[in-house]
Amino acid sequence: MSTENLPQQPEPPARKPRVAVVFGGRSSEHGISVVTAGAVLKAIDRTKYDVLPIGITSDGRWALTADEPERMAIVERRQPSVEQLAETGEGGVVLPVDPASREVVYSEPGSVPKALGEVDVVFPVLHGPYGEDGTLQGLLELSGVPYVGSGVLASAVGQDKEYMKRVFTSFGLKVGPYVVIRPREWQQDESAARKKIIDFAGEHGWPLFVKPARAGSSIGITKVDDLSGLDEAIATAQAHDPKILIEAALRGREIECGVLEFEDGPRASVPAEIPPPEDHAYYDFEAKYIDSTPGIVPAPLTEEQTAEVRRLAVEAFEAASCEGLVRADFFLTEDGEFVINEINTMPGFTPISMYPQMWQATGVSYPELVDLLVQAALRRPTGLR
């Protein structure tokens, strides 16, 4: 019998891609990661994507959290946490370890595990170690789940300020003077390690900036004006990372530039300038996130300087084999030369952060930015590429 005249069954609607927004984590930047996640959850197009928020507690538990962006904000100078948002205090979310499956499972002690459905892409808005440094990226590679941002190597390089500088130098990018104190050096001979820093200060002068080598958001950084403040600065940095970095102060303007991956390759945003903040010795954590010191967007540069810093930002992105997004930070020295300070492979991503502000000034809104990053991740396979 012919079926030509029989009524046709409508095709089921195509499933929307499912985005797992993963945030929080074990680093000292936990709270800022939660704030970033709130902004992403608020901006992502719910008509285009299904969204699954997954928080990682400060002790490393993967928790199913409420999809309530309004609770993910700094209130009265207090940062939010995953612990406040977790639906239970014991349950855990488990990603697949089989690349043939993208099924996410939720389990609680004494209960049957519950399937939460497949995840098509992960948007990891973690900052610092155990998230931005290649560790989570490695897990996602093993799971075969696409994700926003750089891969394992680029994420690790972008987190470790020493090796970041070594990579940049090998590609001909200019970096400022620095010295590194590794944990073994400090453990074996504190006086020799301290002398290494003092000799560095003798060569390059005070002040110095003492930093954790593998942290971000300006956490654990101290500007040291003379020898009397050195030991306290070392202890502050080592509280966040046993490996510390000491940088000479560079005289000049702080200039930032965003890089975003499009289908035809990475492009740079208009740059921004970070003016010296009032009531802060430098652009520290509180100036960035608590007091919200405003940047100048676009930076008041000449056309030639703007073109040069945009070129250098893309060059840094390529040098470290980055993907997705990067914020590149420079000093424009008094002699007119751009010196790269660092890159962030998952930069501050709240609406007031400089990365989204620079792209807003370039013509890409915050929701468009989120969409472009998810689309880039969906286009890119996991594995060697």
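Described in the following lines is the structure provided in the data block. This structure is a prediction, so every number in the text was calculated from the model and none was measured.

Before going further, it helps to examine the environment of Ala248. Tracing the sequence through the fold places Ala248 in strand E11 (residues 244-248). Leaving out residues up to four positions away in the same chain, Ala248 has contacts with Pro177, Phe200, His204, Pro207 and Leu208.

With that settled, the discussion passes to the packing of aromatic side chains. Following the criterion strictly, the structure yields five aromatic pairs and no others. Measuring from ring centre to ring centre gives 5.3 Å for Phe349 and Tyr366, while their planes differ by 50°; the resulting arrangement is tilted. Within this pair, whereas Phe349 is found in the loop between strand E16 (338-344) and helix H11 (354-362), its partner Tyr366 is found in helix H12 (residues 366-379), the two being separated by 17 residues in sequence. For the pair Phe349 and Tyr366, one class covers both residues: buried.

Quick look at the sheet that holds strand E10 (residues 222-224) now. In any sheet, the strands associate via hydrogen bonds between backbone groups, in a parallel or an antiparallel arrangement. Taken together, four strands build an open sheet; the order of strands is E8-E11-E9-E10 and the sheet is antiparallel. Edge positions in the sheet fall to strand E8 (178-181) and E10, since each has one partner strand and no second. On average, each strand axis in the sheet is inclined to that of its neighbour by 25°, with strand direction left out of account. Bridge analysis of E8 against E11 gives four bridges, and the strand direction is antiparallel. By the bridge assignment for E11, Ile181 is matched with Ile244. The strands touched by helix H8 (residues 230-238) are strand E9 (208-212), E10 and E11; relative to E9, the strand with the most contacts, the crossing angle is about 25°.

Tallying each qualifying case throughout the model produces three cavities of 30 Å³ or more. Size it by volume and the largest cavity reaches roughly 60 Å³. Taken together, Glu132, Gly158, Gln159, Lys161, Met164, Ala215, Gly216, Glu342, Ile343 and Asn344 make up the full set of residues lining the largest cavity. Contributing elements (two or more residues each) for the lining of the largest cavity: helix H4 (152-159), helix H5 (161-170) and E16. For the lining of the largest cavity, the leading source of residues is E16, giving three residues. Per-class residue counts for the lining of the largest cavity are three nonpolar, four polar and three charged.

Right, let's talk about the nonpolar core for a bit. Core analysis: the largest hydrophobic core is formed by 35 residues, its most contacted members being Val19, Val21, Phe23, Val40, Phe123, Phe349 and Val370. Secondary-structure elements contributing two or more residues to this core are strand E1 (18-24), helix H1 (30-43), helix H2 (82-85), strand E7 (121-124), strand E12 (252-262), H11 and H12. Those residues within four positions of Val370 in sequence are excluded, and the remaining contacts are Val40, Ala43, Ile44, Phe123 and Phe349.

On to the pattern of salt bridges. Across all of its chains, the model carries 28 salt bridges by this definition. Through salt bridges with shared partners, one network takes in Glu141, Glu261, Glu323, Arg380 and Arg385.

It is worth spelling out the sheet that holds strand E4 (residues 92-94) at this point. Read from one edge of the open sheet, three strands run E4-E5-E6, paired in antiparallel fashion. If you trace the sheet from one side to the other, it starts and ends with E4 and strand E6 (114-118), each paired once. With direction set aside, neighbouring strand axes in the sheet form an average angle of 25°. Alignment of E4 against strand E5 (residues 103-107), held across three bridges, turns out to be antiparallel. Residue pairing for E5: Gly92 is matched across the bridge by Ser107.

Another point: the side chain of Glu342. Considering the arrangement of structural elements, one finds Glu342 in strand E16. No salt bridge forms around the buried Glu342; measuring N to O, its nearest opposite-charge neighbour Lys161 is 4.1 Å away. For Glu342, the side chain forms a polar contact with the side chain of Asn344, separated by 3.2 Å. If we skip the residues at most four places from it in the chain, Glu342 touches Lys161, Met164, Lys211, Arg327, Ala328 and Asp329.

All right, on to the packing of H4 against H5 then. Two elements in contact, H4 and H5, have axes separated by 5 Å at closest approach and are oriented at 110°. It follows from the interaxial angle that H4 and H5 lie roughly perpendicular. Counting all contacts with H4, which are made through Val157, Gly158 and Gln159, the residues of H5 involved are Lys161, Tyr163, Met164 and Val167.

Attention now goes to the pairing of E1. The buried fraction of E1 is high, at seven of seven residues. The parallel pair E1 and strand E2 (residues 50-56) is bridged by H1, and the resulting crossover is right-handed. The sheet contact formed by E1 and E7 spans four bridges and is parallel. Among the inter-strand pairings, Val19 is bridged to a residue of E7, identified as Val121.

Conventions used here
- Positions within a chain are numbered from 1, following the residues in the order the chain's sequence is written.
- Selection of residues for local features in this predicted model requires a pLDDT of at least 70, selection of side-chain atom pairs for listing and counting requires 80 or more, and totals for whole chains, interfaces and linings are taken over all residues.
- Excluded from the side-chain calculations are hydrogens and water; all other atoms, namely the structure's heavy atoms, are used.
- Strands here mean DSSP runs of E at least two residues long; helices mean DSSP runs of H or I at least four residues long; both are numbered from the N terminus.
- Any two residues having at least one pair of non-hydrogen atoms within 4.5 Å are treated as being in contact.
- Stacked, tilted and edge-to-face pairs are distinguished by plane angle, under 30 degrees for stacked and over 60 for edge-to-face with tilted covering the rest, among Phe, Tyr and Trp rings (Trp via its six-membered ring) whose centres lie within 6.5 Å.
- Note on classification: 1.4 Å probe, protein chains only; a residue is buried when its accessible area is under 20% of the maximum for its type, exposed when over 50%, partly exposed between these limits.
- The criterion for strand pairing is that DSSP finds at least two bridges linking the strands in question.
- Lines fitted to the C-alpha atoms define the axes, with helices restricted to the stretch that makes contact. Angles between their N-to-C directions range from 0 to 180 degrees.
- Buriedness for pockets is judged along seven lines, at least five of which must meet protein on both sides within 12 Å for an open set on the 1 Å grid over protein atoms alone, while cavities are sets there where a 1.4 Å probe fits but cannot get out, and lining residues have an atom within 4 Å of a point.
- Grid points are joined across faces, edges and corners, and a volume is the space filled by probe spheres set on the points.
- Any residue outside Ala, Val, Leu, Ile, Met, Phe, Trp, Tyr, Cys, Pro, Asp, Glu, Lys and Arg is labelled polar, Gly included; the first ten of those are nonpolar and the last four are charged.
- Residue types Ala, Val, Leu, Ile, Met, Phe, Trp, Tyr and Cys, when buried and joined through side-chain atoms within 4.5 Å, form a set referred to as a nonpolar core.
- When a carboxyl oxygen of Asp or Glu is within 4 Å of a side-chain nitrogen of Lys or Arg, the pair counts as a salt bridge.
- Just so you know, the count uses Lys and Arg for positive and Asp and Glu for negative, and it drops His and the chain ends.
- Here a polar contact is recorded for every N or O atom pair within 3.5 Å, except that within protein the pair must consist of a potential hydrogen donor and a potential acceptor, and residues adjacent in sequence are included only if both atoms are side-chain atoms.
- Each angle is binned into one of four classes, with values under 35 degrees roughly parallel, values over 145 roughly antiparallel, values of 65 to 115 roughly perpendicular, and all other values oblique.
- Orienting the strands away from the viewer, one traces the path from the first strand over the helix to the second; a clockwise path indicates a right-handed crossover.

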